[in-house]
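The chain contents come next:
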Amino acid sequence: MGWFNSGPGFEPTALVESIPWGKYKTVVDVGGNTGLVSQAIAKKHASVKFIVQDRPEPVVEGIDRLAPEFKDQITFMQHDFFQDQPISADVYLFRWILHDWSDKYAIKILRALIPALKDGAKVILNEFVLPPPGVASAFLSKSLRTMDLSMLELHNGKERDADDWASLFEACDSRFHFEGIIRAPGSRLGIIQATWKL
Ligand SMILES: C[S@@+](CC[C@H](N)C(=O)[O-])C[C@H]1O[C@@H](n2cnc3c(N)ncnc32)[C@H](O)[C@@H]1O
């Protein structure tokens, strides 16, 4: 996944800098692959513990490659994100996960968190946010719409605009409160936030 996180505007820098990670104790990086994004955040916030969940192969690779400086801060866990979430955490991070899935499956993935959610738990998505037609430059609009079509072709997935993201949480459960989207300068991905409120 390294190349996915290193292209211009795709680095996790904006995600690291836009969220006050230091106020959270535990973050579950759902579908976190070998943990590169968790490492980028962990480097700046030594007090936060990360659990990177993914399929068996990336988890084995992530454990293998984990630098000694992160051994006490980042752990890995095999977990299928369609199954009930076993970890009760402060934050659930999904970076570049839900665009691979149609609404039907994206809703299943988010609902699988519910058994573990405590009041105030946050869900943070780092994904493309389609701009309204005619607002972004022709180049940006074309690349995002092309990505949308590619997601449809490859995975029956989709890119979503701001209303789509809000509606997705609403369709999951009324206890998800959509908190809005941060569009950090220099980043091509939006930071979409929701809080679980009982
Ligand atoms: C596009 S990658 C994103 C990786 C990482 N979040 C990042 O931004 O670098 C999607 C990830 O979802 C994982 N994945 C796919 N299906 C999964 C499942 N059912 N349960 C857990 N992880 C899954 C893949 O192995 C992969 O690591």
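Definitions and cut-offs
Residues numbered from 1 in each chain as written. Predicted model: local features only at pLDDT ≥ 70, side-chain atom pairs only at ≥ 80, totals over all residues. Heavy atoms only, no water. Pairing = 2+ DSSP bridges. Helix = DSSP H or I, 4+ residues; strand = E, 2+ residues; numbered from the N terminus. Axes fitted to C-alpha atoms, helices over the stretch in contact; angles between N-to-C directions. Contact = heavy atoms within 4.5 Å. Parallel < 35°, antiparallel > 145°, perpendicular 65-115°, else oblique. Left-handed = near helix turned anticlockwise from the far one by under 90°. Nonpolar A, V, L, I, M, F, W, Y, C, P; charged D, E, K, R; others polar. Buried < 20%, exposed > 50% of the residue type's maximum accessible area, 1.4 Å probe, protein only. Arc of directions from axis to C-beta. Polar contact = N/O pair within 3.5 Å; in protein donor to acceptor, adjacent residues only side chain to side chain. Near = heavy atom within 4 Å. Areas by Shrake-Rupley, 256 points an atom, 1.4 Å probe, with all protein chains shown as cover. Core = buried A, V, L, I, M, F, W, Y, C linked by side-chain atoms within 4.5 Å.

The protein chain is annotated in an unreviewed UniProt entry as S-adenosyl-L-methionine-dependent methyltransferase of Periconia macrospinosa.

Caption draft 1: Region of interest: the sheet that holds strand 8 (residues 176–182). Across the sheet, seven strands lie side by side as 3-2-1-4-5-9-8; this open sheet has mixed pairing. One side of each edge strand has no neighbouring strand; the edge strands of this open sheet are strand 3 (74–78) and strand 8. Within the sheet, the average angular offset between the axes of one strand and its neighbour, ignoring direction, is 20°. Bridging between strand 8 and strand 9 (residues 190–196) involves six bridges; their strand directions are antiparallel. Across the sheet, the residue bridging to histidine 177 is threonine 195, located in strand 9. Of the strands in this sheet, strand 1 (26–30), strand 2 (49–54), strand 3 and strand 4 (91–95) are in contact with helix 2 (residues 36–44), which crosses strand 2 at around 175°. Of the strands in this sheet, strand 2 and strand 3 are in contact with helix 3 (residues 56–65), which crosses strand 3 at around 155°.

Caption draft 2: Examining the packing of helix 4 (residues 103–111) against helix 6 (residues 162–172) more closely. Their axes nearest at 9 Å, the elements helix 4 and helix 6 cross at an angle of 60°. The pairing of helix 4 with helix 6 is recorded here as oblique in orientation. The way helix 4 lies across helix 6 gives a crossing that is right-handed. Seen from helix 4, the contacting residues are Asp103, Ala106, Ile107, Leu110 and Arg111; seen from helix 6, they are Leu168, Phe169, Ala171 and Cys172. In the contact of helix 4 with helix 6, the residues fall into seven nonpolar, no polar and two charged.

Caption draft 3: Structural detail: helix 3. Considered for burial, the residues of helix 3 that qualify are Pro58, Val59 and Gly62. The arc enclosing the buried residues of helix 3, seen along the axis, measures out at 100°, which places them on a common side. Exposed and facing more than 90 degrees away from the buried side of helix 3 are Glu57, Val60 and Asp64. Looking at the buried positions of helix 3, the neighbouring elements they touch are strand 2 and strand 3.

Caption draft 4: Fine view of the environment of aspartate 29. In this structure, aspartate 29 sits in strand 1. Between the alpha carbons of aspartate 29 and phenylalanine 50 there is a distance of 6.9 Å; along the sequence they are 21 residues apart. Discounting residues that sit within four places of it in the chain, aspartate 29 has contacts with Val37, Ser38, Ile51, Val52, Gln53 and Leu93. A distance of 2.8 Å separates polar atoms of two side chains, one belonging to aspartate 29 and the other to serine 38.

Caption draft 5: Seen up close, the site of the ligand. Close to the ligand lie 15 residues, the nearest being Gly31, Asn33, Asp54, Phe81 and Arg95. Asparagine 33 places a polar side-chain atom, nitrogen or oxygen, 2.8 Å from an oxygen atom of the ligand. Here arginine 95 contributes a backbone N or O atom positioned 2.8 Å from a nitrogen atom of the ligand. Taking 600 Å² as the accessible area of the ligand by itself, protein coverage stands at 87%. Looking at the shell around the ligand, its residues break down into six nonpolar, five polar and four charged.

Caption draft 6: Broad picture of the nonpolar core. Formed by 28 residues in total, the largest nonpolar core has its most connected members in Tyr92, Phe94, Leu98, Leu110, Val123, Leu125 and Phe169. Of all the secondary structure elements, the ones that give two or more residues to this core are strand 1, strand 4, helix 4, strand 5 (122–127), helix 6 and strand 9. Setting aside anything within four residues of it in sequence, one finds phenylalanine 94 in contact with Val30, Ile109, Leu110, Leu113, Val123, Ile124, Leu125 and Asn126. Listed in part, the 21 residues of the second largest apolar core include Val16, Trp21, Val52 and Leu66.

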